[in-house]
Every structure is written in C-alpha cells, then in structure tokens.
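# Notes for the structure review
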Amino acid sequence: MPVIATIMNSATGQPIQRMTFGRMPKPWASFTLESGELVTADRVDVGKPAPGKVVVPVSVWVSPKKTVDQP
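This report concerns the structure included in the present document.

Strand order in the open sheet formed by five strands is β2-β1-β5-β4-β3, and the pairing between neighbours is mixed. Two strands in the sheet have a free side with no partner beyond their single neighbour: β2 (15-21) and β3 (30-32). Going from strand to strand, the sheet's axes swing by 40° on average, the running direction of each strand aside. As defined by bridge partners, β3 adjoins strand β4 (residues 38-46) across three bridges and the pair is classed as antiparallel. Along β4, the bridge assignment pairs T32 with L38.

Printed below as a string of structure tokens:
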C-alpha cells in the first residue's frame, strides 16, 4: 500500500508538495522535488489517524537549498 506524504520545508514550516512513496520513507531518504531539486529528509513524522479513519498523516521535513514558490 503506497504512502502519501506531505513534504514540508524545515525552515518555514510550510508544505512544499504531496508525494507518493512505495513504502514508508526513511529519515535519510533522498528524492527529487517537482522543482527538480534533490533533497534529503531531515525527519519523518507519522501522526495518528482521525477517529474512524485508517489513513495516517505522514510529513517528511526537508531543507531545500532554493526557495520554492507556492501557487
């Protein structure tokens, strides 16, 4: 079952994008953002599902080197 995670900017606390992983990402995982920048995960947060839900919120915190503009 794929894991859908929100990629968060460690410096600003703002979400950058949503990304699907084949399995739970490791804290040292490297991946490429939609902007083409290669980043390494600083930390991975796994939340608690909402009552009656099975989907667990996952946040991957990264430190991008360049600024990503949000639409």
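Relative to the helices and strands, S10 resides in the loop between β1 (3-9) and β2. Note on S10: relative accessible area 31%, which makes it partly exposed. Here the alpha-carbon distance between S10 and K65, two residues 55 residues apart in the chain, equals 11 Å. Once residues within four sequence positions are removed from consideration, S10 is found in contact with D42, W61, V62 and S63.

A few words now on the side chain of T6. Within the secondary structure, T6 sits in strand β1. A polar contact is formed between the side chain of T6 and the side chain of R18, at a distance of 2.7 Å. With residues up to four places along the chain from it excluded, the contact list for T6 reads P15, Q17, R18, V58, S59 and V60.

This part is about the nonpolar core. One recurring pattern in soluble globular proteins is that nonpolar side chains are buried together. Counting 14 residues, the largest nonpolar core has I7, F21, F31, L33, V60 and V62 as the members making the most contacts within it. Those elements giving two or more residues to this core turn out to be β1, β2, β4 and β5 (58-62). Beyond its immediate chain neighbours, meaning those up to four positions away, I7 contacts Q14, P15, I16, Q17, M19, F21, F31, L33, V60 and V62.

What follows concerns the pairing of β2. Pairing of β1 with β2, which is carried by six bridges, proceeds in the antiparallel orientation. The residue of β2 that forms the bridge with V3 is F21. Between the end of β1 and the start of β2, which pair antiparallel, lie five residues, with G13 showing a positive phi angle near 80°.

For the structure shown, the criterion picks out one aromatic pair. Between F21 and F31 the ring centres are 5.4 Å apart and the planes differ by 80°, which places this aromatic pair in the edge-to-face class. In this pair, F21 sits in strand β2 while F31 sits in strand β3, placing the two residues ten residues apart along the sequence. Accessibility assignment for this pair places F21 and F31 in one class, buried. In this arrangement the basic side chain of R43 is found over the ring face of W61, its NZ or CZ atom lying 4.3 Å from the centre.

Calculation notes
- Residues numbered from 1 in each chain as written.
- Predicted model: local features only at pLDDT ≥ 70, side-chain atom pairs only at ≥ 80, totals over all residues.
- Heavy atoms only, no water.
- Pairing = 2+ DSSP bridges.
- Helix = DSSP H or I, 4+ residues; strand = E, 2+ residues; numbered from the N terminus.
- Axes fitted to C-alpha atoms, helices over the stretch in contact; angles between N-to-C directions.
- Buried < 20%, exposed > 50% of the residue type's maximum accessible area, 1.4 Å probe, protein only.
- Contact = heavy atoms within 4.5 Å.
- Polar contact = N/O pair within 3.5 Å; in protein donor to acceptor, adjacent residues only side chain to side chain.
- Core = buried A, V, L, I, M, F, W, Y, C linked by side-chain atoms within 4.5 Å.
- Phe/Tyr/Trp six-rings, centres within 6.5 Å; stacked < 30°, edge-to-face > 60°.
- Lys NZ or Arg CZ within 6 Å of the ring centre and 35° of its normal.

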